[in-house]
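# Observations on the three-dimensional arrangement
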Amino acid sequence: MGKTTSIKYFGEKHFQNTIYINFELNRELAEDFQGNISPDFLIHRFEVYFGEKINKEATLIVFDEIQACERALTSLKYFCEDAPEYYVIGAGSLLGVAIKREDVSFPVGKVNQIHMGLRWILKNSCGRRIRKCWQMK
């Protein structure tokens with residue numbers, strides 16, 4: 001089980017609804033981040049795009065492959081400062097590479113990073129399932 005599957009599973013188990021945005025696959029929403037990245041604007045845009053109301057207590061918002069939309073990474077700062085009542089996860093396969101670029105504003109002190117490499121996966125619940133499968137062979 002990889003990062004995306006883990007995050008989706010977490011959303012299913014702990015929230016009534018999950019808004020999932022993959023920035024590599026959804027260029028239309030990625031383009032929205034080129035202008036206004038205030039949480040109010042983005043939440044309204046997501047509600048229109050997905051056709052559903054985002055409940056700040058019951059909706060998880062997932063920005064996957066966030067390295068493909070650098071302004072989405074920057075928007076995490078504004079979610080933290082201006083809209084901390086929303087639950088937002090940003091994930092990316094190449095995030096460690098993307099944040100080293102000079103033109104990316106990484107929200108230092110606003111975002112917690114978890115590196116989900118193979119060791120992390122094997123130590124956690126999804127890894128137990130993988131180890132069990134290997135032991136059965």
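Here's a quick rundown of the structure.

Calculation rules
- Residues numbered from 1 in each chain as written.
- Predicted model: local features only at pLDDT ≥ 70, side-chain atom pairs only at ≥ 80, totals over all residues.
- Heavy atoms only, no water.
- Buried < 20%, exposed > 50% of the residue type's maximum accessible area, 1.4 Å probe, protein only.
- Helix = DSSP H or I, 4+ residues; strand = E, 2+ residues; numbered from the N terminus.
- Pairing = 2+ DSSP bridges.
- Right-handed = clockwise from strand over helix to strand, strands pointing away.
- Core = buried A, V, L, I, M, F, W, Y, C linked by side-chain atoms within 4.5 Å.
- Contact = heavy atoms within 4.5 Å.
- Salt bridge = Lys/Arg side-chain N within 4 Å of Asp/Glu carboxyl O.

This brings us to the pairing of strand S2 (residues 59-64). Among the 6 residues that make up S2, 6 are buried, leaving the element largely enclosed by the rest of the structure. Going residue by residue along S2, you find Thr59, Ile61 and Phe63 tucked away on one face and Leu60, Val62 and Asp64 tucked away on the opposite face as well. Bridge analysis of strand S1 (residues 17-22) against S2 gives 6 bridges, and the strand direction is parallel. Residue pairing in the sheet places isoleucine 19 in a bridge with isoleucine 61 of S2. As judged from the 5 bridges shared by S2 and strand S3 (residues 87-91), these two strands associate in the parallel manner. Of the residues in S3, the one forming a bridge with valine 62 is isoleucine 89. In terms of handedness, the path from S2 via helix H4 (residues 70-82) over to S3 forms a crossover that is right-handed.

Another aspect to go through is the nonpolar core. Of all hydrophobic cores here, the largest spans 21 residues; its most connected members are Phe23, Phe33, Phe46, Ile61 and Phe63. Here this core takes 4 residues from H4, the largest share from any one element. Discounting residues that sit within four places of it in the chain, phenylalanine 63 has contacts with Ile21, Phe23, Phe33, Phe46, Ala72, Ser75, Leu76, Phe79, Val88, Ile89, Gly90 and Ala91.

Glancing now at the pattern of salt bridges. Once the charged atoms of two side chains with opposite charge are near each other, the side chains can pair. Across all of its chains, the model carries 5 salt bridges by this definition. The salt bridge partner of glutamate 65 is lysine 3, with a shortest N-O separation of 3.4 Å. Taken as a pair, glutamate 65 in the loop between S2 and H4 and lysine 3 in helix H1 (residues 3-14) lie far apart in primary sequence, 62 residues in all. For the pair glutamate 65 and lysine 3, one class covers both residues: buried. The closest approach of N and O atoms between glutamate 47 and lysine 53, which form a salt bridge, is 3.5 Å. Taken together, the shared-partner salt bridges connect Lys3, Asp64 and Glu65 into one network.

No statement about biological role is implied by the geometric values presented.
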